[in-house]
Amino acid sequence: MASPLLSVEALRVVAETRYRQNLLVEDISFDVRAGEFVGIVGESGCGKSLTALSLMGLLPKPAVRASHGKVLFENRNVLSMPARDLHHLRGNEIGMIFQDPMSALNPVQTVGQQIVETILLHESMSRDAAWQRTIDVLKEVNIPASEERARAYPHQLSGGMRQRVMIAMAIVCRPKLLVADEPTTALDVTIQAQILELLDQLRRERGMALVLITHDLGLVAEYADRVLVMYSGRIVEQAPVADLFTRPQHPYTRGLLGSVPPLDEDVEELITIEGQPPTPGAWPSGCRFLPRCREQQVGCASWPVRLVPFHEDHAAACMLLERETADVD
Amino acid sequence: MSIENVAPPDLIRVDNLSKHFPITRGTLFRRETGAVKAVDRVSFSVSPGKTLGLVGESGCGKSTVGRLLVRLINASDGTIWMDGTDITNISGSDLFRRRRDLQFVFQDPMSSLNPRARVDSIIAEPLIVRGSEAAACRHRVAELLELVGLSPSHARRFPHEFSGGQRQRVGIARALATNPRFIVCDEAVSALDVSVQAQIINLLKRLQSEMGLSYLFVAHDLSVVKHISDEVAVMYLGRIVEIGDKHKVYARPAHPYTQALLSAVPRHGSVARRGAGRQVLTGELPNPINPPGGCPFHTRCPQAMPRCAIERPELVHVANGQQAACHLLE
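The structure displayed is predicted, hence computed values, not measured ones.

Draft legend 1. View of a nonpolar patch on the surface. All names here are of chain B. There is a patch of nonpolar side chains on the surface, built from M305, V318, L328 and L329 and spanning about 270 Å² of accessible area. Inspection of the secondary structure puts L329 in the segment after strand 12 (322-324). L329 gets classed as partly exposed once you look at its relative accessible area, which sits at 31%.

Draft legend 2. Local environment of the sheet that holds strand 5 (residues 76-77) of chain A. All names here are of chain A. The 4 strands are arranged 2-1-4-5 in an open sheet whose pairing can be described as antiparallel. At either end of the open sheet lies a strand with only one pairing partner, and these are strand 2 (21-32) and strand 5. Here 8 bridges tie strand 1 (residues 6-16) to strand 4 (residues 64-73), and the two strands are oriented antiparallel to one another. When the bridges of strand 4 are listed, V8 appears paired with V71. Relative to strand 2, helix 1 (residues 48-55) is tilted by about 65°, and along the sheet it contacts strand 1, strand 2 and strand 4.

Draft legend 3. Here's a closer look at the nonpolar core. Ranked by internal contacts, the top residues of the largest apolar core, which has 70 residues, are I115(A) and I167(A). Here this core gets 8 residues from one element, more than from any other, and that element is helix 7 (residues 159-171) of chain A. Residues in contact with I115(A), not counting those within four places in the same chain, are T134(A), V137(A), L138(A), V165(A), A168(A), M169(A) and V172(A). A198(B), I201(B), Y215(B) and F217(B) belong to the second largest nonpolar core, which has 64 residues in total.

Draft legend 4. Structural detail: the packing of helix 4 (residues 111-122) of chain A against helix 5 (residues 127-140) of chain A. Residues and elements named next belong to chain A. Interhelical geometry of helix 4 versus helix 5 gives an angle of 115° and a closest axis separation of 9 Å. Handedness of the crossing formed by helix 4 with helix 5: right-handed. Contacts between helix 4 and helix 5 pair G112, Q113, I115, V116, I119 and L120 from the former with R127, A130, W131, R133, T134, V137 and L138 from the latter. Taken together, the residues of the contact of helix 4 with helix 5 break down into 8 nonpolar, 3 polar and 2 charged.

Draft legend 5. Structural view of unusual backbone geometry. For the bond running from K61(A) to P62(A), omega is 0°, close enough to zero to count as cis. With respect to the helices and strands, P62(A) occurs in the loop between helix 1 and strand 4. The phi dihedral of N142(A) falls on the positive side, at around 60°, and the residue is not glycine. Take N142(A): its relative accessible area is 42%, and that puts it in the partly exposed class. Unusually for a residue other than glycine, N16(B) sits at a positive phi of about 50°. Residue placement: N16(B) occurs in strand 1 (residues 12-25).

Draft legend 6. Main features of the pattern of salt bridges. Residues and elements named next belong to chain A. By the definition in use, this model includes 37 salt bridges over all chains. Residue E93 pairs with R76 through a salt bridge whose shortest N-O separation is 3.1 Å. Of the two residues, E93 is situated in the loop between helix 2 (83-92) and strand 6 (94-97) and R76 in strand 5; the sequence distance between them amounts to 17 residues. Where salt bridges share partners, they join R33, E36, R226 and D313 into one cluster.

Draft legend 7. Representation of the pairing of strand 2 (residues 31-46) of chain B in the model. All names here are of chain B. As paired strands, strand 1 and strand 2 are joined by 11 bridges and run antiparallel to one another. The residue of strand 2 that forms the bridge with V14 is F44. Turn length for the strand 1-strand 2 hairpin, with the two strands adjacent in sequence and antiparallel, is 5 residues, and the turn residue G26 shows positive phi of about 80°.

Draft legend 8. Local environment of the environment of L59(A). Residue and element names in this part refer to chain A. Its location among the elements puts L59 in the loop between helix 1 and strand 4. Taking relative accessible area as the criterion, L59 reaches 9% and is therefore assigned buried. In this structure the C-alpha to C-alpha distance between L59 and D264, which are 205 residues apart in sequence, comes to 41 Å.

Draft legend 9. Representation of helix 7 (residues 194-211) of chain B. Residue and element names in this part refer to chain B. The first and last C-alpha atoms of helix 7 sit 26 Å apart over 18 residues, in line with the 26 Å expected at 1.5 Å per residue. Burial analysis of helix 7 places 13 of its 18 residues in the buried class, the great majority of the element. After helix 7 finishes, the residue G212 shows a positive phi value of roughly 65°.

Draft legend 10. Quick look at the packing of helix 7 of chain A against helix 8 (residues 189-206) of chain A. Residue and element names in this part refer to chain A. At a minimum axis distance of 10 Å, the contact between helix 7 and helix 8 shows a crossing angle of 15°. On the basis of the axis angle, helix 7 is roughly parallel to helix 8. Seen along the crossing, helix 7 lies across helix 8 with a hand that is right-handed. Contacts between helix 7 and helix 8 involve G160, Q163, R164, I167 and I171 from the first element and I191, Q194, I195, L198, L199, L202 and R206 from the second.

Thresholds applied
- Residues numbered from 1 in each chain as written.
- Chains lettered and ligands numbered in written order.
- Predicted model: local features only at pLDDT ≥ 70, side-chain atom pairs only at ≥ 80, totals over all residues.
- Heavy atoms only, no water.
- Patch = residues over 30% accessible without salt bridge, like charges linked within 9 Å, V, L, I, M, F, W, Y side chains within 5 Å.
- Areas by Shrake-Rupley, 256 points an atom, 1.4 Å probe, with all protein chains shown as cover.
- Salt bridge = Lys/Arg side-chain N within 4 Å of Asp/Glu carboxyl O.
- Helix = DSSP H or I, 4+ residues; strand = E, 2+ residues; numbered from the N terminus.
- Buried < 20%, exposed > 50% of the residue type's maximum accessible area, 1.4 Å probe, protein only.
- Pairing = 2+ DSSP bridges.
- Contact = heavy atoms within 4.5 Å.
- Axes fitted to C-alpha atoms, helices over the stretch in contact; angles between N-to-C directions.
- Core = buried A, V, L, I, M, F, W, Y, C linked by side-chain atoms within 4.5 Å.
- Left-handed = near helix turned anticlockwise from the far one by under 90°.
- Nonpolar A, V, L, I, M, F, W, Y, C, P; charged D, E, K, R; others polar.
- Expected span 1.5 Å × (residues − 1).
- Parallel < 35°, antiparallel > 145°, perpendicular 65-115°, else oblique.

Below, the structure written as structure tokens:
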């Protein structure tokens, strides 16, 4: 198989103060192949957004930095890239969209001007040509009356339209990878469906890989090829999407699935996960899910946490799975 | 117009309730230039011990309905009945007495709990204004904390010392303090993480069965609403477009908007149905200041007819206990 487009190896992100170091993300490894749709799922504080920011070298240094590991984009390490190369990488090769388009857009510039600025930063062409390209890309993200809308300020657009503008800005230089951090969390369901259809359509048409960061397991089920489930800064399970939903292996994944009321059937009581996620940086040692786990056994606390392969691409970080698979052998 | 009710009598009944917010211009010579019909002739009822779920997208007026019921804001038109008494315009001591039975749980517990007050005084406040003794209050606070799954030793803490889920429990304890019969939960679980959200939903259901509470559960999450409700009302631009038994509405949605809304919800079981039969609505919510005439949904409706732009459809019976407002059903 050809080498993956993006390869994250043993990534660790820490927050440093003068007195102490807090571990925020630890031992994250995954690949994204060209044209693939990867979902990263987790609750607030699990490190999913920090992982996304590391992919583009956007961590708020020096307070938060990647202290260990590599992020290889086409075999070049993003974490050790000089600023000039990073500048080229962002926008040209990796695009990113954020949760709240209102705070990501400049309120005192028209959206068209902002897209033109993006184009001119990355490519040398005339302002007129850049303007034409802006209109074209706005059309491509299905913004009606795109010439008019290009002259609008962000506050004149609705939430869904603003997110479309963000997508247009992110894809205008034809990146090979688009990182979307909770792109639809602030939007209504019908608009959310439109935005995800659009992202998926762009991915298919342009052969662009997509990393979707979300807390919504349903979204991932609907669109992603492969899923990573994160908990307390670690990947607890990774699997092709069909596998994850039909045979989840980690107790946390099972708990998450049970916590969402199903639309298609009736359940009396939701299966919940007791307690709440630990605060970032104050992780328990060993398996971080242990204090909330219903299935814990003797030995869990001292088990060295690692991803245990289960089936082809499917792996989970649970001791019970390791015991099970050992029994079968 | 309103829903026919067999036995248990309604606890809350709402007839043609409307709320219009005026749009004004000018500061010195302020004049009204129009009105936003946030709630437009809405009728429904809630039986004792039951939950009515109110769903819709942002700006559809669902929160305004909740606020109207608890009389946080006054209705422009229509009637709110409680136990057969008209409470639409009561005030003063009448309203004060009614509020004992009508309570509210807000979306964001961080901004609805006083950050400078300890949890015990937050929970005891509704008791104190009703003249309870200090000792009785302390006892009741401990009881309430335990009821919502917190420890009585948490009583002397401040809201910021709790996690989001625990804070929502405090908000629920406060709402329960006066032993109400009816609670409006306005997006009460929306701000919480999935695993914590499930805990709060289970708590609300348990309290309902133990205490016979009725809820108006306002939320945008269709799967949560289905889980917690007995009846569901779907709102669009201030109007109820479909209302009925949750099983019927979810299994056989009659209104095109309900159908689109349900099809837009991403679900776990959908790995298999991927790409097939997914109906994505085009366009966005029209401006509520200037809503489209006729059926408010006709601008986005895949099945719109010329008639839809002219004539406003009224709720018609689709099946036993299910009504929808659409010309296609007549």
